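What follows is each chain in one-letter form.
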Amino acid sequence: MLRQWVKSGAAHALCWSGTGKWIGSLAGRRNLPVVLGYHNVVERLPDTARTSIPAMLITRAMLERHLDWLGKRYQFVSLDELGDMLQTGASRTKPVAAVTFDDGYRDFYDHAFPLLRRKGVPAAVFVVTGLIGTGRKQVHDRLYLALAAAFLSHGRSPRDVARALGRLGIQAPEIPPHRLKHAAGMPFALTRALLETLPQAQILRVVEELESELDLEQSVEAAPEALTWEMVAEIRGAGMTIASHTRTHAFLTNEKRQRVLEEVVESRRELEKRLGTTVKHFAYPDGRFDDVTVPAVAEAGYRFAYTTCLHRDLSHPLLTIPRKVLWQNSCLDANGRFSPAIMSCQVNRTFDLIAGGCETRHSSALDGGAHTAKGSFQVTVP
Ligand SMILES: [Zn+2]
Ligand SMILES: [Zn+2]
């Protein structure tokens with residue numbers, strides 16, 4: 001933990017000194033276009049961590065700060081324009097940036113869409129087709145809200161929750177200490193740990209067990225809603241890109257190949273049927289990809305797919321395009337104010353390059369769920 005703190009402190013110092021951008025260029029980062037990812041966009045931040053996953057939120061006002069910073073330095077491009085540039089190797093006089101929003105939340109329509117339209121930013125929305133217009137909520141939101149209710153509202157201890165998991169035959173995962181800065185971090189840390197290790201069918205059993213044990217109907221109702229198909233059509237009609245983020249938001253690296261194929265093929269088919277156009281772009285849920293998911297995405301016919309780290313599959317570089325995920329606190333200084341220097345470091349990936357970034361091996365043996373390296377899969381940092 002100390003090592004991590006020192007690394008992150010060093011990265012901040014580099015940002016403030018302006019050296020971060022230079023390091024980004026040295027590492028070849030500047031050859032890659034900037035692709036940013038956001039999730040929920042809200043009017044104001046909720047008062048407590050009981051109602052939303054904090055690391056997914058950004059206020060409309062903070063998003064505007066980010067867009068203004070980007071607009072002064074980059075030319076905004078759509079994902080189609082970006083894809084053409086990556087495919088042909090063409091460049092523009094001004095560096096380019098693409099802005100994307102994951103999960104297809106209704107709050108995109110309410111808060112981000114008017115702002116993006118006003119500013120003429122051609123953003124993309126990666127939607128979860130099985131949720132659009134259904135009233136059903138994202139599994140990760142339901143899991144987080146159930147765990148937040150267990151720990152923060154119902155006073156359950158980690159041992160109580162471990163027992164609830166045990167009743168389902170699921171062993172509570174170990175949580176790395178750096179994820180548990182304070183007790184309020186427990187719901188998020190456990191949410192991440194479960195999502196990262198279990199197939200979605202098991203996550204749903206955990207969610208349903210907790211929801212019925214704690215009587216959480218109201219809390220699930222308060223979870224962020226998905227877009228409707230009418231909203232999707234309007235967003236597309238305004239020149240934004242609608243792209244796929246699977247059918248149910250299963251973390252694909254925890255699923256068997258057949259389920260992976262269903263998720264990527266069916267979501268594309270549904271979007272193409274509804275939109276009457278070819279769907280070329282895909283974003284891996286949580287940026288997770290491996291040597292099963294990338295070929296499945298290729299087989300489903302996508303031409304471009306987006307991750308959330310700097311690793312690339314050299315056999316499919318256009319299906320492992322790096323994105324940087326940002327949120328409310330990602331570009332703040334020590335006083336909680338928006339920091340152009342930290343924004344620059346985030347966009348130039350200085351924290352990832354200095355502090356080590358993604359530690360995932362992106363190679364899996366799905367049978368049994370154990371992760372083992374396979375020689376055929378090449379991963380590299382550009
Ligand atoms: Zn997602
Ligand atoms: Zn990675």
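Let me begin by describing the structure that accompanies this report. The shown structure was predicted, so the numbers you read here are calculated from the model rather than taken from an experiment. As a convention, each chain's residues are numbered from 1 in the sequence order in which they are written. Here the convention is simple: chains get letters from A, ligands get numbers from 1, in the order in which they are written. A pLDDT threshold of at least 70 governs which residues receive local features in this predicted model, and a stricter bar of 80 or more applies before side-chain atom pairs are shown or counted, although totals over entire chains, interfaces and linings include all residues. Working from all heavy atoms in the structure, the side-chain values ignore hydrogens and water.

Counting buried positions along strand β5 (residues 96-103) gives eight out of eight residues, so the element sits mostly inside the fold. Where strand β1 (residues 34-38) meets β5, five bridges bridge the pair, whose relative direction is parallel. What sits directly across from V35, in β5, is A98. With two bridges joining them, strand β4 (residues 75-76) and β5 adopt parallel strand pairing. Paired with F76 across the strands is A97, a residue of β5. The β-α-β motif built from β4, the intervening helix α4 (residues 79-88) and the parallel element β5 has right-handed crossover chirality. Sheet topology places β5 next to strand β6 (residues 124-127); four bridges connect them, and they run parallel. Looking at the pairing, T100 lines up with A124 of β6. Each residue is placed in one exposure class: buried if its accessible area under a 1.4 Å probe, protein chains only, is under 20% of its type's maximum, exposed if it is over 50%, and partly exposed if it falls in between. The helix count covers DSSP runs of H or I at least four residues long, the strand count covers runs of E at least two residues long, and both are numbered beginning at the N terminus. Strands qualify as paired when DSSP identifies two bridges or more between them. Looking down the strands as they point away from you, a crossover is right-handed if its path from the first strand over the helix to the second goes clockwise.

Let us look at the pattern of salt bridges. One side-chain nitrogen of Lys or Arg within 4 Å of one carboxyl oxygen of Asp or Glu is enough to make a salt bridge. Throughout the structure, instances matching the rule amount to 28 salt bridges. Residue R156 pairs with E213 through a salt bridge whose shortest N-O separation is 3.2 Å. Here the residue R156 occupies a position in the loop between α6 (139-153) and α7 (158-167), and E213 occupies one in helix α9 (residues 200-214), the gap between them amounting to 57 residues. Each of the salt bridges in this network shares a partner with another, and the network as a whole consists of E64, D68, R118 and K119.

Note: metal donors comprise N, O and S atoms at 2.8 Å or less from the metal (3.2 Å for Na, K and Ca); water molecules are not included, so apparent gaps in a site are possible. Protein coordination at the zinc ion (ligand 1): the donors are D103 (OD), H245 (NE2) and H249 (NE2), at 2.1 Å from the metal. Counting the intervening residues between successive donors of the zinc ion (ligand 1) yields the motif D-x141-H-x3-H. Here the residue D103 occupies a position in strand β5, and H245 occupies one in the loop between β7 (241-244) and α12 (257-275), the gap between them amounting to 142 residues. The residues D103 and H245 share a single accessibility class, namely buried.

A separate point is α7. Every buried residue of α7 is accounted for by V161, A164 and L165. All buried residues of α7 project into a common sector of 100° when viewed along the axis, lining one side. Exposed side chains of α7 directed beyond 90 degrees from the buried face belong to R159 and R167. Against α6, α8 (186-197) and α9 lie the buried residues of α7. Downstream of α7 by one or two residues, G169 has phi in the positive range, about 75°. Taking the helix axis as origin, the arc is that swept by the directions to the C-beta atoms. Two residues qualify as a contact provided that any one of their heavy atoms is within 4.5 Å of a heavy atom in the partner residue.

A few words now on the coordination of the zinc ion (ligand 2). Each donor-metal-donor angle would ideally measure 109.5 degrees in four-coordinate tetrahedral geometry, or 90 or 180 degrees in six-coordinate octahedral geometry. The zinc ion (ligand 2) binds to the protein through C309 (SG), H311 (ND1), C358 (SG) and H362 (NE2), with metal-donor distances spanning 2.0 to 2.3 Å. Here the donor residues for the zinc ion (ligand 2) map to a single chain with the spacing C-x1-H-x46-C-x3-H. Taken together, the residues C309 in the loop between β9 (304-306) and β10 (312-313) and C358 in the loop between α15 (350-355) and β12 (379-380) connect sequence positions 49 residues apart. Overall, C358 belongs to the partly exposed group, its relative accessible area being 27%.

The next thing to look at is the packing of α6 against α9. Describing two packed helices takes the angle between their axes plus the distance from one axis to the other. Convention adopted: a line fitted to C-alpha atoms gives each axis, helices being fitted over their contacting stretch, and angles between N-to-C directions are expressed from 0 to 180 degrees. Where α6 contacts α9, the axes come no closer than 9 Å and their chain directions differ by 40°. In terms of their interaxial angle, α6 and α9 are classed as oblique. As for the relative orientation of α6 and α9, their crossing is left-handed in sense. Contacts between α6 and α9 pair V139, R142, L143, A146, L147, A149 and A150 from the former with Q200, I203, L204, V206, V207, E208, L210, E211 and L214 from the latter. Just so you know how the angles are binned, under 35 degrees is roughly parallel, over 145 roughly antiparallel, 65 to 115 roughly perpendicular, and the rest oblique. Less than a right angle of anticlockwise turn of the near helix away from the far helix marks a crossing as left-handed, whereas a clockwise turn marks it as right-handed.

So, on to helix α14 (residues 340-347). Across the eight residues of α14, six count as buried, placing the element largely inside the fold. Downstream of α14 by a residue or two, R349 has a phi angle that is positive, lying close to 65°.

Moving on, we come to the packing of helix α5 (residues 106-119) against helix α11 (residues 229-237). At a minimum axis separation of 11 Å, α5 and α11 run at an interaxial angle of 15°. For the element pair α5 / α11, the angle class is roughly parallel. Relative to α11, the crossing made by α5 is left-handed. Together, R106, F108, Y109, F113 and R117 of α5 and M231, E234 and I235 of α11 make up the contact between the two elements. Residues that form the contact of α5 with α11 fall into these classes: five nonpolar, no polar and three charged. Only Asp, Glu, Lys and Arg are considered charged in this grouping, and only Ala, Val, Leu, Ile, Met, Phe, Trp, Tyr, Cys and Pro are considered nonpolar; every other residue, Gly among them, is considered polar.

Using protein atoms alone on a 1 Å grid, points that fit a 1.4 Å probe yet trap it form a cavity, whereas open point sets bounded by protein on both sides within 12 Å along at least five of seven lines form a pocket; residues with an atom within 4 Å of a point count as lining. Grid points are joined across faces, edges and corners, and a volume is the space filled by probe spheres set on the points. Enumeration over the complete set of coordinates arrives at four cavities of 30 Å³ or more. Around the largest cavity, the lining residues are V139, H140, L195, L198, P199, Q200, I203, H249, A250, F251, N254 and E255. Taken together, the elements giving at least two residues each to the lining of the largest cavity come down to α6 and α9. Classifying every residue of the lining of the largest cavity gives seven nonpolar, four polar and one charged. Domain start and end points were adopted from an automatic or database domain assignment. Split by domain, the residues of the lining of the largest cavity number at least three in each of domain 1 (2-137 + 224-380) and domain 2 (139-221).

Take it as geometry only, folks, not as evidence of what the structure does.
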